[in-house]
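# Inside the fold
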Amino acid sequence: MLSWPAPLLPTLPGSGPALRLYDTARGEVVETSPGPTARMYVCGITPYDATHLGHAATYLAFDLVNRVWRDAGSAVHYVQNVTDVDDPLFERANRDGEDWIVLGMRETALFREDMTALRVLPPEDYVGAVEAIPRIVAHVEALWDAGLAYQLDDGTGDLYHDIAQAPGFGTESGYDEATMLRLSAERGGDPDRPGKRNALDPLLWLGAREGEPSWPGPRGVAGRPGWHVECASIALDTIGMGFDVQGGGSDLVFPHHEYSAVHAEALTGAKPFARAYVHAAMIGLDGEKMSKSRGNLVFVSRLRGDKVDPMAIRLALLSGHYRTDRAWTAELLTAAQQRLATWRRAVDLPAGAPAGPVLAAVRERLADDLDSPGAIAAVDAWAAASLGPAPGADDDAVPGAPADVRQLVDALLGIAL
């Protein structure tokens, strides 16, 4: 599957410090220590609708991870999937009377446009679930052959992973059984389904259903893969076990990331699936959670259609910490537009406050669990000093410093001034 074009990434003097991130599994901020190539897998969209601001905030957070690693001297192998075969996609296509393939292709193309406009660095591997099905089938069959999966005897052909044989189950989320059961029911699981050995056993393969697409499956059972094994398979086939960061929204902690790890660790006999599990918080609208069911989604494409500068959208989303649930408001966007205009005035000066201190401050703040508000405050302070009573005329003004700050804001925050 095609990714999107990469923005030019400026090279900055020196290198940044090691990145520290909050690992959900350990419950603390830990230092990432990638080798020459940092490896990151971020769960992608199910393309039944356009990119909303919750999606955008998540991908911007991991774009910062990508940028900070590169600034610290690492190459980055970034992988993202597209869940282009799933119930929400079929439901939307049926509702609107269109082909699910056409819907998925259109919304994926729109997502690419939004990511390009927001200047998100693209993944090296951008993999759709449909194109990965042959490898997913092989992995599901391997689990079945190893006695780690079982088929229901109700004639559906559905296959489940036997969680009783997964001793590491629960270590990624840290949730108790009652919480897991509640979240499974809320987030696409089927804990009440008859015939399962354990209510928390996850679906590996859904047998063919009338009116739904299907593919040749394990041991010839036609159907389509479960959600969690898709990501486990794609990650294993692109960046392997023990990669540096598994990323996504906080709603993926359980069941998705928990089960993806269980599948991968069962397939390889190795641990861990990821060295750190990093999750971005939710975006609300005017005090309410932003969700499809509430009908209050704000879409990046619609803001762009209203001529909102994508850099203002990016700056507004980065003005809150990635792990803090926060609201999107008209005031937030207005403040970001004003800040963007101020920064652009400052970098257009022939001289300004020295760039070295603000570069060091931005690097230090972003390396500390992606403290984007702190990084933004450092640029604010530089802009205020440079746009003083006599812009560019102060004795301490440094010729060329504004151009240097323009470069660092581009490279580290991804904002084109």
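Overview of the structure. Just so you know, these numbers come straight off a predicted model, no measurement behind them. (Residues numbered from 1 in each chain as written. Predicted model: local features only at pLDDT ≥ 70, side-chain atom pairs only at ≥ 80, totals over all residues. Heavy atoms only, no water.)

## What about the packing of helix 11 (residues 355-367) against helix 12 (residues 372-386)?
Closest axis-to-axis distance for the helix 11/helix 12 pair is 7 Å, and the angle between their directions is 170°. By the angle between their directions, the pair helix 11 and helix 12 is classed as roughly antiparallel. Where helix 11 approaches helix 12, its residues Val358, Ala361, Val362, Arg365 and Leu366 are matched on the opposing element by Ser372, Gly374, Ala375, Ala378, Val379 and Trp382. The residue makeup of the contact of helix 11 with helix 12, split by class, is 8 nonpolar, 2 polar and 1 charged. (Axes fitted to C-alpha atoms, helices over the stretch in contact; angles between N-to-C directions. Helix = DSSP H or I, 4+ residues; strand = E, 2+ residues; numbered from the N terminus. Parallel < 35°, antiparallel > 145°, perpendicular 65-115°, else oblique. Contact = heavy atoms within 4.5 Å. Nonpolar A, V, L, I, M, F, W, Y, C, P; charged D, E, K, R; others polar.)

## Here we look at the packing of aromatic side chains
Inspection of every chain in the model, using the stated rule, returns 11 aromatic pairs. On the basis of an interplanar angle of 50° and a centroid distance of 5.4 Å, the ring pair of Phe254 and Tyr259 is categorised as tilted. For Phe254, a relative accessible area of 0% corresponds to the buried category. For Tyr259, a relative accessible area of 3% translates into the label buried. Grouping aromatic residues by their ring pairs yields a cluster made of Trp4, Tyr59, Phe111 and Tyr126. The positively charged end of Arg219 is found above the aromatic ring belonging to Trp144, 4.0 Å away from the centroid. (Phe/Tyr/Trp six-rings, centres within 6.5 Å; stacked < 30°, edge-to-face > 60°. Buried < 20%, exposed > 50% of the residue type's maximum accessible area, 1.4 Å probe, protein only. Lys NZ or Arg CZ within 6 Å of the ring centre and 35° of its normal.)

## Notes on the pairing of strand 3 (residues 37-42)
The sheet contact formed by strand 3 and strand 4 (residues 75-82) spans 6 bridges and is parallel. Bridge pairing in strand 4 places Thr37 opposite Ala75. Of the crossover connections in this fold, the one passing from strand 3 over helix 1 (residues 53-71) to the parallel strand 4 is right-handed. Alignment of strand 3 against strand 10 (residues 245-249), held across 3 bridges, turns out to be parallel. Each residue of the ladder has a partner; that of Tyr41, found in strand 10, is Gln246. (Pairing = 2+ DSSP bridges. Right-handed = clockwise from strand over helix to strand, strands pointing away.)

## Structural notes on the sheet that holds strand 7 (residues 159-161)
Across the sheet, which stays open at both edges, the 4 strands sit in the order 6-7-8-9 with antiparallel pairing between neighbours. Each edge of the open sheet carries a strand with a single partner, namely strand 6 (149-151) and strand 9 (223-225). Averaged over all adjacent pairs, the angle separating strand axes in this sheet is 15°, with direction ignored. For strand 8 (residues 203-207) and strand 9, the ladder comprises 3 bridges, and the chain directions are antiparallel. The residue of strand 9 that forms the bridge with Gly207 is Gly223.

## Examining the pairing of strand 4
Successive side chains on a regular strand alternate, one facing one side of the sheet and the next facing the other. With 6 of 8 residues buried, strand 4 is to be regarded as a mostly interior element. In this sheet, strand 5 (residues 125-128) lies alongside strand 4 in parallel orientation, the contact comprising 4 bridges. Residue pairing in the sheet places Asn81 in a bridge with Val127 of strand 5.

## What to know about the sheet that holds strand 5
Read across the sheet, 5 strands follow the order 5-4-3-10-11 without closing on themselves; strand pairing throughout is parallel. Edge strands, defined here as strands with exactly one partner in the open sheet, are strand 5 and strand 11 (277-280). Direction aside, the axes of adjacent strands within the sheet are offset by 20° on average. The sheet strands contacting helix 1 are strand 3, strand 4, strand 10 and strand 11, and the helix crosses strand 3 at an angle near 175°.

## Remarks on the pattern of salt bridges
In this structure the tally under the stated criterion is 32 salt bridges. For Glu107, the salt bridge identified is with Arg106, shortest N-O distance 3.7 Å. For Glu107, a relative accessible area of 9% translates into the label buried. The salt bridge partner of Arg219 is Asp145, with a shortest N-O separation of 3.0 Å. Of this pair, Arg219 sits in the loop between strand 8 and strand 9 while Asp145 sits in helix 4 (residues 129-145), and the two are 74 residues apart along the sequence. (Salt bridge = Lys/Arg side-chain N within 4 Å of Asp/Glu carboxyl O.)

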